[in-house]
Amino acid sequence: MIFRLLFFRKAGCGVRSQKRFFINVCCLLFLIGFSVLASAETVNWQGPAGIIFKNVHYPDKQQTKTPESFSLFSAPAEATDTAPYPVPPLAGFSPLIVIATSDKYTLSDDTYEHVLQSSYVGNPLNPPLAENYIVGIYDSGAEVDLFAGSHAVTLGLTGSKLTGSSFPIGGVGGTIDATISEPVGIFAGSLGLIQSNGLLNSSGLVGHSNVEAIVSPAISCDSGESISGVVGTPFISFYTAVIRNDYIHKVFFDGQNLAGPDVEILDPEDPSIPDYSHKIAMSLSGLATTANYYPDEIFGFPTGLAFPTLLSIAGGSLPTGGKFVATIYVLEGTPGPTNIIQPMKVMVDTGAQSSIMTYGMAANLSLPLQGDFTVDICGVGGTEPNIPGYFVDYVKINALGGALEFSNAPFVVVDLPLQDASGNYLDGVLGMNFFWNRNIVFAPNLFGSGFLEVSDPVPYGNADFDFNGTVNLIDFSMLASAWAGQQTEPEYLPVCDLYLDGMIDMQDLEAFMAHWLE
C-alpha cells in the first residue's frame, strides 16, 4: 500500500522525475524481486490430461537460443537476429469458468442422450446454488466432464448421485479409478457471474442435462488439490466460446485470488460472436452428432458396460469420445533440402497453458538429448521430475487470413496416448501459450470445418505476468527487467507492455500499480 501511495504522489511530476522515481524504487525493490524471481521455479500451470507443471529448471550451461534477459514469460514480439518472429511464453492463459450442477435429467428409461440447456434448469444438488458452485476450466482437451475431491462434494456429486461404477482416468504418473455419476445437469459461465459478495448470479449459465460426469478422488500435487473440475468435449462441442484476454476477471474465491480472461459460452448462431482475423482449421476426430452415456443395463438386462457421457456417432449409440485436431508445422535448424519443415498433428487444448510434443516428434526434429529446460509435472498418479523441454526454432500455424509464425517456441516432451479417429497417434498438444496476447473464438463444428479464430494482438488487462493469481514482487521484477525496452531490443518483454505501444514506460507502470497486490 505504501508503494501505491508513493507512486501516486509522484505521478504529477515530469517525465524525467518519473523515471528517476522508478529507478529509485527499483533500487529498493529490485534486488528483493530479483532474488524472488531467480528462486521462483515453482509454478502451477495447467497441462493436458490432468497434468500440472510444478517446477521449471534451466541447465547451468549458457542458453544459446534466448537472450540473457529471457524469463519464463518473455516473448519478444519483433524481429531480431535470433528471433525473427514472436516468441511464445512457456505458459499462456487458463480459461477459468464457474461450474454448477442441478438434478435435471430425462425420466425416460431408454433416453441416454444429453439435452442442451440455454439457461439453468432444475434444482441444485447442493443448495443454495448461489453459494455451492466451483471455479473450473473450459477444457477442449478433456473427453469428459470431471470433478475432483471436495469440489465434487460442493457440487453435490455424492451419495445417491454416484452410480458406483468405476472408470479409469490417468496419464503421467499412472491411473486411478474414478466414479461415474448418475444423470444430472452441468452448467457453466463466465467468472463475471461471481458477484462482489461472492455469490453466484446464475442468470448467465448455460449447459446440458441428463449427463453422467466423472467424480474422482482429490487430484493433488505436493501443495494440495490442483484440479477442481472441467467441462469437456461433451459440453463444449455444442457451443462457441469467446475468450477475451483484453478483459480479465479478478475474483476472490475459496480463499484464493484468481484471474482469467472473460469466457462467454454462446449458441453458435449468436450474432454477438466476433469475427477475428485469423481462422485456424480444426476438426473433430471422428463423426459425432450427440453426447451419450451407456447405462449399466438395457431393457432390464445387465450389460456389464458403463461409460460417462462421451461424444458418440448418433443418439443411443456407444459413446466414443472425441478430440479437436489441427496441423501445425515445425522446423529445427537451417532449412534446406535435407531439413524441411515438418507437419505436426496436434490436439487443440484450451485447458493446457503449455504445449507438448511427443518423443517421436522430437526425434524427427533431431533435437539434442539434453533439453533447453526441464519441468516437474504432476499427473493423476504422481509427480514425474525433470521432463525435458525445448525451444523449437520455427513454428508455423496456417490460417485463413494469414499464417501465424513463431520463433523459439517452447514445447515440453511427453508421450501421451492421444489418438485420432483412425487410431493414429497425435504428435502433441497445442496449448494456449501460443495465443497469450490475443482473443480467441473456439468454434467447433460437428458437421464440417471448425475453427480456432484468433484476433490481432490485444492490450493486456492483466498485470499478473506469471499467472500465479497475485500481482507481487515477481511481476514487478519482470517489469523492472524490461524497463525502457523497445520492441527491437532484447530486454523488451511484451507481457509487460500493457499498452501495446512497443515500449515499456510509465504508462505500463501506472497500469501495473493499479493492480498491485490484487
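Scroll up to find the structure.
Residues numbered from 1 in each chain as written. Predicted model: local features only at pLDDT ≥ 70, side-chain atom pairs only at ≥ 80, totals over all residues. Heavy atoms only, no water.

**Concerning the overall build of the chain**
Applied cut-off: A run of H or I in DSSP counts as a helix once it spans at least four residues, and a run of E counts as a strand once it spans at least two, with each numbered from the N terminus. We call two residues in contact when some of their heavy atoms are within 4.5 Å. For accessible areas, the Shrake-Rupley method is used with a probe of radius 1.4 Å. Any residue's cover is judged against the shown protein chains and nothing else.
Scanning the chain for helices and strands turns up seven helices and 30 strands. Intrachain contacts of the chain at a sequence separation of at least 6 include 69% that bridge at least 24 residues. Roughly 21,100 Å² of accessible area belongs to the chain as shown, and the carbon and sulfur atoms make up 54% of that amount.

**With respect to the nonpolar core**
Short version of the rule: Put simply, a nonpolar core is a bunch of buried Ala, Val, Leu, Ile, Met, Phe, Trp, Tyr and Cys residues held in one set by side-chain atoms that sit within 4.5 Å of each other. Only protein chains enter the calculation, and the probe is 1.4 Å; a residue is then buried if its accessible area is under 20% of its type maximum, exposed if over 50%, and partly exposed in between.
Counting residues in each nonpolar core, the largest one holds 64 residues, and the members touching the most others are Met 357, Val 395, Ile 397 and Phe 435. Among the elements that make up this core, the one with the highest residue count is strand E27 (residues 404–413) (five residues). Apart from the residues lying within four places of it in its own chain, the contact partners of Phe 435 are Phe 93, Asn 245, Ile 280, Ile 397, Leu 404, Leu 430, Ile 440, Leu 452 and Val 454. By size, the runner-up hydrophobic cluster in this structure holds 30 residues, among which are Leu 96, Ala 142, Val 144 and Ile 194.

**A word on the environment of Ala 421**
Mapped onto the elements, Ala 421 comes out in the loop between E27 and strand E28 (428–430). For Ala 421, a relative accessible area of 57% gives the class exposed. Residues Ala 421 and Gly 286, spaced 135 residues apart in sequence, show a C-alpha to C-alpha distance of 4.9 Å. With residues up to four places along the chain from it excluded, the contact list for Ala 421 reads Ser 285 and Gly 286.

**Notes on the environment of Phe 235**
When you line up the elements, Phe 235 lands in helix H4 (residues 233–236). With sequence-adjacent residues up to four places away left out, Phe 235 is seen in contact with Asp 145, Ile 186, Phe 187, Ala 188, Val 206, Gly 207, His 208 and Ile 265.

**What to know about the pairing of strand E5 (residues 134–138)**
Here is the rule we go by: Paired strands, in this sense, are two strands between which DSSP finds at least two bridges.
Taken across its five residues, E5 has five buried, putting it largely inside the fold. In this structure, E5 lies alongside strand E14 (residues 229–231), joined through two bridges in parallel fashion. The residue of E14 that forms the bridge with Ile 137 is Val 230.

**A closer look at helix H7 (residues 506–513)**
When you tally the buried positions in H7, you get six out of eight residues, the bulk of the element. Restricting attention to buried positions, one finds in H7 the residues Met 506, Asp 508, Leu 509, Ala 511, Phe 512 and Met 513.

**Some words on the packing of aromatic side chains**
The criterion, for reference: Only the six-membered ring of Trp is used, alongside the rings of Phe and Tyr, when aromatic pairs are assigned; centres must lie within 6.5 Å, and planes under 30 degrees apart are stacked while those over 60 apart are edge-to-face, with the rest tilted.
Taken as a whole and judged by the stated rule, the model has 13 aromatic pairs. Their ring planes at 85° and their centres at 5.3 Å tell us that Phe 324 and Phe 442 sit as a pair that is edge-to-face. Residue Phe 324 is found in strand E22 (residues 324–331), and its partner Phe 442 is found in strand E29 (residues 438–443); the two are separated by 118 residues along the sequence. In terms of burial, Phe 324 and Phe 442 fall into one category: buried. On the numbers, 5.8 Å between centres and 50° between planes, the contact of Phe 411 with Phe 434 is tilted. Here the residue Phe 411 occupies a position in strand E27, and Phe 434 occupies one in the loop between E28 and E29, the gap between them amounting to 23 residues. When sorted by exposure, Phe 411 lands in the same class as Phe 434, which is buried. Linked through ring pairs, Phe 167, Tyr 294 and Phe 307 together constitute an aromatic cluster.

**Observations concerning helix H6 (residues 473–481)**
Note on helix geometry: an α-helix contains 3.6 residues per turn, so any two residues three or four positions apart are oriented the same way. Keep this limit in mind: Two N or O atoms form a polar contact when they lie within 3.5 Å of each other; inside protein one atom must be a possible hydrogen donor and the other a possible acceptor, and for residues adjacent in sequence the pair counts only when both atoms belong to side chains.
Of all nine residues that make up H6, seven are buried, and the element is covered over most of its length. Those residues of H6 that sit buried are Ile 474, Asp 475, Phe 476, Ser 477, Met 478, Leu 479 and Ala 480. If you check the start of H6, you find a side-chain oxygen 3.1 Å away from the backbone N of Ile 474, and it comes from Asn 472.

**Looking at unusual backbone geometry**
The omega torsion of the bond from Pro 127 to Pro 128 falls at 0°, within 30 degrees of zero and hence cis. For Pro 128, the location among the structural elements is in the loop between strand E4 (115–117) and E5. Positive phi, close to 55°, is recorded for Asp 254, a residue that is not glycine. Considering the arrangement of structural elements, one finds Asp 254 in the loop between strand E15 (240–253) and strand E16 (256–266). Judged by its relative accessible area of 57%, Asp 254 is exposed.

**Examining the pattern of salt bridges**
For the record, the criterion: A carboxyl oxygen of Asp or Glu within 4 Å of a side-chain nitrogen of Lys or Arg is what we treat as a salt bridge.
Under the definition given, this model contains four salt bridges. We note a salt bridge from Arg 244 to Asp 246, for which the minimum N-O separation is 3.0 Å. Classification of Arg 244 by relative accessible area gives partly exposed; the value is 28%. The salt bridge partner of Lys 279 is Asp 275, with a shortest N-O separation of 2.5 Å. The exposure class assigned to Lys 279 is buried, which follows from its relative accessible area of 18%. Classification of Asp 275 by relative accessible area gives exposed; the value is 63%. Among the charged side chains, a salt-bridge network with shared partners connects Asp 275, Lys 279 and Glu 453.

Worth remembering: the numbers are spatial, not functional.
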